[in-house]
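Residue-level structure breakdown
Each chain is listed here by its residues.
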Amino acid sequence: MISLRHIYKYYDSKFQRTFVLKDIDLEISEGEFVTIMGPSGAGKSTLLNIVGMLDEPSEGEYYFLDQPVHKINEKKKVEFHRNYVGFIFQAFHLIDELTVYENIETPLVYKGMKVSLRKSVVADMLDRFNMVAKKDLFPAQLSGGQQQLVAIARAIAGKPKLLLADEPTGNLHSDQGKQIMELLKNLNNEGITIIQVTHNEEFAKYGKRIIRLADGMTSSDKTT
Amino acid sequence: MFRNFLKTVLRFLKHNKIFAGINALGLSIALAASFIILLFVINELSYDHCHKNRDRIYRVNNYYVDFKNVMSGTPYVLASTLKSEYPQIEKAANTRFLRGFSLKVKNEYIGIPQAVASTSDIFDIFTIHLLGSSRLSKLLDDPGSLVLSRSQAEKIFPGIDPVGKEITGLVDGEEHIFTVTGVYENIPVNSTFRPQCFVNGKWTLGSINKTFKVNDTETSWLRDFWNTWVLLSKEAKVPELEKGFRAFEKKYLSEDPAHNYRLQNLSDIYLKSENVANSGIQGDIGKIRLFSAIAFLIILVAAINYIILSTAVSSRRAKEIGIRKTNGAGAGNIRNQLLSESIFLAVIVLPVAMLIMWLALPYAGRLFQTKLTILSSNILTYISVYLALTVFIGIASGIYASYYLSGLKVIDILRNAIHYGNKKQVFRSALIILQLVIFCSFVSSTFIIRSQYLYALNKDTGYYTKDVLFVHLGRDFKGYSAYINSIKSSPDVIMAAGMMDELPMQGSMTMMVPHFVNKESKVKVEGMAVDYNLFKTMGMTLVEGRDFSEEFGSDLTKSLVLNETAVKQLGIEEPVGKGLGGKTIIGVVKDFNLHSIHSDIPPMSIDMTDQYIEEVAVHYKHGTLSHLLPFLKDEWKKAAPDRPFGYSTIEEVISEIYSTEKNLTTIVTIFAIFTLLIAAFGLFGLTLFIAKTRTKEIGIRKIFGCSERSIIYSFLKSNLILVAIAASVSVPVTLLFMTRWLSHFSNRTKIGWWIFAVSFLISFFVVMLTVFFHSYRASRINPVDALRYE
């Protein structure tokens, strides 16, 4: 599903080139649950953003569902975002001006889904995450864990093949974190490919495969 | 999708009340101001649109080759002759106002203003809707026909159908019986041709015959007192037709006619007749251009506000946009969202703007010196123009923010790594400078117009501009000499004399006089007719020769006085005693301003008259006006019991002549205030925003020992620089436009540097006041509070 070949990411300043990622080769197939770990500045988030097509590699080839991402245009990337990729962030990134219901609905709107279908999908999500009673609340009225639930609901509402989670538990206390991780595990069991970045050793173990990065390079790649 | 946008924008505005409020306030004021201006402009441009065939309706004008001027007057026979000679001319009619026409209602004569004598063709040329049982054709063929407008018909025949009714009318003081043949719907006010009633054309012949002591006016080609209107066929070509007129003129006028017939389209008559004498009501294209430019500038200032504020708050919107993008929104979606937001904001402001406009309309009407009426025939135009303008301002102001924000990279937004760097700062500053340039230019222009106005009022005219008044005699006042002699007996009156028109004069009479040396070339000389003692009364001095005097009995018919310019331009040496046009030059008067200072002092030939004296100039002792007036009035009642007493002081005449300039000062001042107000709103919002985003910075600075004063100073300094740049840029801009405006005057005031200094100071104070409030508040931040939430 995902195939990274000789991926480099660097920034050029006047006298030197600073490498964030160096010669990353990575194959991820459908249904995997991958955890990326590593110290701060190892390039975890950059790697995730490249996979999520939010950032571009400086060098190298990237194939997503056998399509060369390094060659496709912005429009095509938007198509991929709409149909195949969902995101979860450490800071939740919900739209403050929209209610829980409307936040979950947003990606479906861009997907061009019909109103009636949208209603049933959002209702489904709310039901599944036990949030029916909170559908008219604004993000600021929810706890961190609840906000992240909404963010996950939003990310998977469009039935993506791939879910990218950038430290999804970073802003949560451990009980909430556990709950989120259990949820991700269930989603993975249902067939969604998940890549998460985390610092937390315990939560890392939810992944079936752990990749460790150090100084922009893969230092280990183990399947548990 | 739109519902989703709408919710976001409404909630965003709710959370950013200051942003929304300032934008809405600035926009609604700007829209209201430009709506009022547009109302005026639309009304002016809509003139004569009510006449369906206006593309084919032409007025035949008389072009005088020698004088290079155009008169709208043509002979009576022209219309019928043109129609019979040219197949391209489908219809032709002559028109002339029938002055003093009145109708007898219940034994009392009611004067009918704007009564027009014409022929039946006139109803086929102009779009005049006949009502009820009106005859369908040949409405004016009968000499006794009378066609009334609806409002006149309702006044004269209340509650009944007047068609077929007989009524007594008064023409040239004689009674005649008229029969109503039709009634027409009132012609809209935005028509240059707006008679209140029509009668047969023959009724105007009598008075002309009488005045010229002839009886051939009906067939004469010499009496140019009628307007001639023609309706061309669809195939007719105007240049071809006009070329054919040369042969036509040879046939009917003379071998070498002094004037040519030319065609002027009906659509050009209201706004393009500045060179046509006696053209009837006219608009001022210059005024329309000026006001449109002002409307544009106000809208520009409001749009800039929106851009400045929306880019300022964009850092808050950025997060939402980043999220939307990760959720599958393309750049196009984001652009549409932001554009529809700004259009939405503009459209919700529309009703407020309409309300302000409606409230301000009566005041604006006085300011514009016109009646600002909402014409029902233009309502569709108003609505579409207003709506288009609103949507346009929405798009124009939203376009920058939408392109800027939609182009941001998601990764940068989510990393919080957007650089609100120099580029955006410079852009925003440039916009503020642009607003201030507009404002400063408005202020300086106001001062320049005002100083030109004062200059005009105080300029040495060459005659007294104080302690002189003009008593209005009216036409054919035979006993004026007796009246002048009786008022001269008052000890308050220094001197009094009759004259043709008030000074400075509005109208003019010109003639071509051959040069004294070079007989081939001709000089355009203006005439003026006076009574004995006028030079003395007005304080004009003679540089050579003598004044008109009763001692020489022949002065009335045989003498004339030239002004210095005439002597120079005609190349006369030793002028006194020389002959000119059958009269003898008896003196040379020092140049004085015949007209306003818009024009140079023309060469003038002044002679005496006892027929056209319509004013009496009275020079009185200073401060005696209040008890002189009752005396003048009493004497008037004795001399002319049947005429109303009327007078104007020379100050009134002069300020009337320059009332356009005075009004322009007021108008530009008001719009300058508007621009400043709108720009100040924007600046207020921006400073508030900057102060907020700098909270953390100010907190840190204070911890490291920065004083409150230096924080305020840092805010003020950056704005001072903006004002200084704007003020300097406004100097060439103002000079460019104002020298163009001043070029309409022959005598101009000097543009003083203080004008620009004052406009700089005004904008400086307003900007500082606006900025100071927030910068003071920002400087008072408690650093602990500022940094607590980091």
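Heads up: these notes are all about the structure in this document. Everything quoted here is computed from the prediction, not taken from an experiment.

Definitions and cut-offs
Residues numbered from 1 in each chain as written. Chains lettered and ligands numbered in written order. Predicted model: local features only at pLDDT ≥ 70, side-chain atom pairs only at ≥ 80, totals over all residues. Heavy atoms only, no water. Helix = DSSP H or I, 4+ residues; strand = E, 2+ residues; numbered from the N terminus. Rg over C-alpha atoms; globule rule 2.2 N^0.38 Å. Contact = heavy atoms within 4.5 Å. Areas by Shrake-Rupley, 256 points an atom, 1.4 Å probe, with all protein chains shown as cover. Lys, Arg positive; Asp, Glu negative; His and termini not counted. Charge placed at Lys NZ, Arg CZ, Asp CG, Glu CD. Salt bridge = Lys/Arg side-chain N within 4 Å of Asp/Glu carboxyl O. Polar contact = N/O pair within 3.5 Å; in protein donor to acceptor, adjacent residues only side chain to side chain. Nonpolar A, V, L, I, M, F, W, Y, C, P; charged D, E, K, R; others polar. Buried < 20%, exposed > 50% of the residue type's maximum accessible area, 1.4 Å probe, protein only. Phe/Tyr/Trp six-rings, centres within 6.5 Å; stacked < 30°, edge-to-face > 60°. Lys NZ or Arg CZ within 6 Å of the ring centre and 35° of its normal. Expected span 1.5 Å × (residues − 1). Axes fitted to C-alpha atoms, helices over the stretch in contact; angles between N-to-C directions. Left-handed = near helix turned anticlockwise from the far one by under 90°.

1. As for the overall build of chain A
Within chain A one finds 7 helices and 10 strands. Over its C-alpha trace chain A gives a radius of gyration of 18 Å, about what one expects of a compact globule, namely 17 Å for 224 residues. Put simply, 69% of the contacts in chain A that link residues at least 6 apart link residues at least 24 apart. For chain A, the accessible surface area stands at approximately 10200 Å², while carbon and sulfur atoms represent 48% of it. Counting 28 positive and 29 negative side-chain charges, chain A places the centres of these two groups 3 Å from one another.

2. Examining the interface of chain B and chain A
The extent of an interface is frequently quoted as the accessible surface area lost upon association of the parts. Each partner contributes residues to the interface: chain B has 24 residues there, and chain A has 25 residues. Summed over the shared surface of chain B and chain A, the result is 2 salt bridges. Arg11 of chain B serves as the salt-bridge partner of Glu102 of chain A, at 2.4 Å between the closest nitrogen and oxygen. At the boundary of chain B with chain A, the tally comes to 5 residue pairs in polar contact (both at pLDDT 80 or more). Only helix H1 (2-15), helix H10 (314-326), helix H11 (331-368) and helix H13 (410-415) of chain B provide two or more residues apiece to the side of chain B that touches chain A. Broken down by element, the residue count for the side of chain B that touches chain A peaks at 7 residues, all from H1 of chain B. Its residues assigned to classes, the side of chain B that touches chain A shows 8 nonpolar, 9 polar and 7 charged.

3. A look at unusual backbone geometry
The amide bond that connects Leu503 of chain B to the next residue, Pro504 of chain B, takes the cis arrangement and shows omega of -10°. Tracing the sequence through the fold places Pro504 of chain B in the loop between strand E16 (493-499) and strand E17 (510-514). The phi angle at Asp66 of chain A is positive, at roughly 65°, despite the residue not being glycine. Positioned with a positive phi, His93 of chain A is a non-glycine residue whose angle comes to about 50°. Mapped onto the elements, His93 of chain A comes out in the loop between strand E6 (85-89) and helix H3 (100-111). Overall, the relative accessible area of 10% leaves His93 of chain A in the buried class.

4. Observations concerning the packing of aromatic side chains
Residues and elements named next belong to chain B. One pass over the structure, following the stated rule, counts 42 aromatic pairs over all chains. An angle of 70° between the planes, with centres 5.6 Å apart, marks the rings of Phe447 and Trp754 as edge-to-face. Here Trp754 lies in helix H24 (residues 753-779) and Phe447 lies in helix H14 (residues 422-458), a separation of 307 residues in the sequence. According to the relative accessible area criterion, Trp754 is partly exposed, its value standing at 41%. Over the ring of Phe212 we find Arg223; its NZ or CZ atom is 4.9 Å from the centre of that ring. When the ring centre of Phe516 is taken as origin, the NZ or CZ atom of Lys519, which lies over that ring, is 5.7 Å away.

5. Focus: helix H2 (residues 17-45) of chain B
Here H2 of chain B is 29 residues long and its end C-alpha atoms lie 40 Å apart, about the 42 Å a rise of 1.5 Å per residue gives. Within H2 of chain B, 23 of the 29 residues are buried, which leaves the element mostly enclosed by the surrounding structure.

6. Quick look at the packing of helix H15 (residues 480-488) of chain B against helix H19 (residues 625-639) of chain B
For any two helices packed against each other, the geometry comes down to the angle between their axes and how far apart the axes lie. All names here are of chain B. Interaxial distance between H15 and H19 falls to 10 Å at its minimum, and their mutual angle equals 145°. Our pair here, H15 against H19, has a crossing hand that is right-handed. Facing Tyr483, Ser486 and Ile487 of H15, the residues of H19 in contact are Phe631, Leu632, Glu635, Trp636 and Ala639. Of the residues assigned to the contact of H15 with H19, the class counts are 6 nonpolar, 1 polar and 1 charged.

7. Some words on the side chain of Thr46 of chain A
With respect to the element layout, Thr46 of chain A can be found in helix H1 (residues 44-51). Beyond its immediate chain neighbours, meaning those up to four positions away, Thr46 of chain A contacts Lys9, Val20, Leu21 and Asp55 of chain A together with Arg415 of chain B.

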